[in-house]
Amino acid sequence: MPSYKNILFKSSDGISVLTINRPDKLNALNNATLKEIREAVQEVYDDKSIRALIITGNGEKAFAAGADIKEISELNELNGRKFSENGQEIFDLIENCHKPVIAAINGFALGGGFELALACHIRIASKNARLGLPEVSLGILPGYGGTQRLTFLIGKGKALEMMMTAEMIHADQAYRLGILNHLVETTDQLLPFTMNLIKKILKNAPLALGMVIESVNAATKIEINGFQTESNCFSNALKTKDFVEGMKAFMEKRTPDFTGD
Ligand code: COA
């Protein structure tokens, strides 16, 4: 079991909570933090008892205020490509996880922090949250998949405006744009609300949930035929014990008892 310095990682009742824990640096994502996020997400992949993941930030102020600007300032053309590819790889791991991953956004979600939230399957924020991609104000651009994921989520014009103005938007505007699935009033309502949503999701068949994630993700990947992915997943779902249980429970007018097999 890895021990973490920059994140907190706890699991109970099948739900893991990953909390970015550098509040004095507004939870900025330095290399060490990203490495720990990768390891924790890998734990979620590997541990069958974990069924869902919540990602949040410690403190009232920030989810994550971006990649670490000090580390960025030392990059050059060569290691800059690696920097971007490394972040993309970790955020792809999150997006492609077959277990639901929800971002609980408790404050600033900027730059790489916003890109992290965009890689999650669902985003919920408290009203104090502010979101943005300020990279062009620093002479760079989003490098952890934000140019692609935000464009897919809200469309080219609005995504370009956010990226080109470099301005932060308030949570209610992000909600109206479709970036956020839900808004809660205060940060202390965030985790209970998110837990409730996850519990609703986890009533359903685990393997089918993974297949839904895989099929929906296929829509964003130009090299993959999403309709084919959906049919493959559909056919695979019919091989599961949970399919048999789901059908039987419906006929018998009872709640299904899914095992993830
Ligand atoms: N990287 C490294 N350190 C960061 C950081 C980042 N992305 N964002 C904040 N911090 C650090 C600050 O340097 C400061 O550290 P210090 O106390 O050692 O000086 C600490 O976090 C608190 O931030 P501060 O700027 O004092 O808080 P604030 O309330 O005045 O402003 C923000 C909040 C979010 C507006 C401001 O911190 C900011 O603009 N951060 C950078 C956002 C950004 O451009 N992100 C994209 C990076 S590609």
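Our structure's up above, just so we're on the same page.
Residues numbered from 1 in each chain as written. Predicted model: local features only at pLDDT ≥ 70, side-chain atom pairs only at ≥ 80, totals over all residues. Heavy atoms only, no water.

**Details of the sheet that holds strand E7 (residues 122-126)**
Which entries qualify depends on this criterion: Strand pairing is assigned whenever DSSP detects at least two bridges linking the two strands. A run of H or I in DSSP counts as a helix once it spans at least four residues, and a run of E counts as a strand once it spans at least two, with each numbered from the N terminus. Think of each axis as a best-fit line through the C-alpha atoms, taken over the contacting stretch in the case of a helix, with angles from 0 to 180 degrees between the N-to-C directions.
Across the sheet, which stays open at both edges, the six strands sit in the order E1-E2-E3-E5-E7-E10 with mixed pairing between neighbours. Each edge of the open sheet carries a strand with a single partner, namely strand E1 (7-12) and strand E10 (182-184). The mean angle between the axes of side-by-side strands here comes to 20 degrees, regardless of whether they run parallel or antiparallel. Bridging between strand E5 (residues 101-105) and E7 involves four bridges; their strand directions are parallel. From the neighbouring strand, Ala104 faces E7, where its bridge partner is Ile124.

**What about helix H5 (residues 146-154)?**
What counts here: Exposure categories follow from relative accessible area, calculated using a 1.4 Å probe and restricted to protein chains: below 20% of the type maximum is buried, above 50% is exposed, and the middle band is partly exposed. Along the arc lie the directions from the helix axis toward the C-beta atoms. Contacts are assigned to residue pairs with any non-hydrogen atoms lying within 4.5 Å of each other.
Those residues of H5 lying buried are Gly146, Arg149, Leu150 and Ile154. Angularly, the buried residues of H5 cover 105 degrees about the axis, an arc narrow enough to put them on a single face. In H5, those exposed residues whose orientation departs by more than 90 degrees from the buried face are Gln148 and Phe152. Its buried side turned inward, H5 meets helix H3 (77-95), helix H4 (112-119), helix H6 (156-165) and helix H7 (171-177). Within two residues after H5, Gly155 carries a phi angle of roughly 95 degrees, on the positive side.

**Topic: the packing of helix H9 (residues 206-218) against helix H10 (residues 226-237)**
The test is simple: When describing relative orientation, an angle under 35 degrees is termed roughly parallel and one over 145 degrees roughly antiparallel, while 65 to 115 degrees is termed roughly perpendicular and anything else oblique.
Running from N to C, H9 and H10 cross one another at 170 degrees; their axes reach a closest spacing of 8 Å. Regarding the angle of H9 to H10, the classification is roughly antiparallel. Here Met211, Glu214, Ser215 and Ala218 of H9 lie close against H10, whose contacting residues are Gly226, Thr229, Glu230, Cys233, Asn236 and Ala237.

**Side note on the packing of aromatic side chains**
The condition that has to hold: Whether two aromatic rings pair depends on their centres lying within 6.5 Å, for rings of Phe, Tyr and Trp, where Trp uses its six-membered ring; planes under 30 degrees apart make the pair stacked, over 60 edge-to-face, and the rest tilted.
Counted by the stated rule, this structure contains three aromatic pairs. Between Phe91 and Tyr144, the ring centres sit 5.4 Å apart and the planes meet at 80 degrees, which makes this aromatic pair edge-to-face. Of this pair, Phe91 sits in helix H3 while Tyr144 sits in the loop between strand E8 (130-132) and H5, placing them 53 residues apart in sequence. Each member of the pair Phe91 and Tyr144 is classed as buried. Through pairs of rings, three or more aromatic residues link up here, namely Phe83, Phe91 and Tyr144.

**Quick word on the pairing of strand E3 (residues 52-57)**
Sheet faces and side chains relate simply in a regular strand, where the side chains alternate between the two faces. Put simply, the rule is: We call a crossover right-handed when, viewed with the strands running away from us, the connection from the first strand over the helix to the second turns clockwise.
For E3, a buried count of six out of six residues is recorded, marking the element as mostly surrounded by other parts of the structure. Neither face of E3 is open: one carries Ala52, Ile54 and Thr56, the other Leu53, Ile55 and Gly57, and all of them are buried. Taken together, the six bridges between strand E2 (residues 15-20) and E3 define a ladder with parallel strand orientation. Paired with Ile15 across the bridge in E3 is Ala52. Following the backbone out of E2, through helix H1 (residues 31-46) and into the adjacent parallel E3, one traces a crossover that is right-handed. In this structure, E3 lies alongside E5, joined through three bridges in parallel fashion. When the sheet's bridge partners are listed, Ile54 is paired in E5 with Ile102.

**A look at the nonpolar core**
So the rule is basically this: Residues grouped as a nonpolar core are buried Ala, Val, Leu, Ile, Met, Phe, Trp, Tyr and Cys residues, joined through side-chain atoms within 4.5 Å.
Counting residues in hydrophobic clusters, the biggest one holds 49 residues, and the most contacted among them are Ile37, Ile94, Ile105, Leu131, Leu150 and Ile179. When sequence neighbours within four positions are dropped, the list of residues in contact with Leu131 reads Ile105, Ala109, Leu110, Phe114, Met162, Glu167, Met168, Ile169, Ala171, Ala174, Ile179 and Leu180. One finds Ile102, Ala104, Ile122 and Val184 within the second-largest nonpolar core, a separate group that totals 15 residues.

**As for unusual backbone geometry**
The phi dihedral of Asn27 is positive, around 60 degrees, even though this residue is not glycine. Take Asn27: it is sitting in the loop between E2 and H1. Asn27 sits in the buried class, given a relative accessible area of 0%. Positive phi values are uncommon outside glycine, yet Ala166 reaches one of about 65 degrees. Tracing the backbone shows Ala166 in the loop between H6 and strand E9 (169-170). Residue classification places Ala166 among the buried positions, given a relative accessible area of 15%.

**Re H10**
For clarity, the cut-off: An expected span of 1.5 Å times one less than the residue number is assigned to each helix. Contacts described as polar in this section are N or O atom pairs within 3.5 Å, which, within protein, must combine one atom able to donate a hydrogen with one able to accept it, while residues neighboring in sequence count only if both atoms come from side chains.
Counted at 1.5 Å a residue, the expected span for H10 with its twelve residues is 16 Å, and the 16 Å between its end C-alpha atoms agrees. Buried residues in H10 make contact with H9 and helix H11 (241-251). A side-chain oxygen of the first residue of H10 lies 3.0 Å from the backbone nitrogen of Phe227; this N-cap is Asn225.

**Describing the pattern of salt bridges**
Test applied: Definition used for salt bridges: Asp or Glu carboxyl oxygen within 4 Å of a side-chain nitrogen of Lys or Arg.
Overall, the coordinates contain twelve salt bridges when judged by the stated rule. Its salt-bridge partner being Glu95, residue Arg149 comes within 3.0 Å of it at the nearest N-O pair. Taken as a pair, Arg149 in helix H5 and Glu95 in helix H3 lie far apart in primary sequence, 54 residues in all. Given the relative accessible area of 11%, Glu95 is considered buried.

Functional significance is not addressed by these values, which are geometric in nature.
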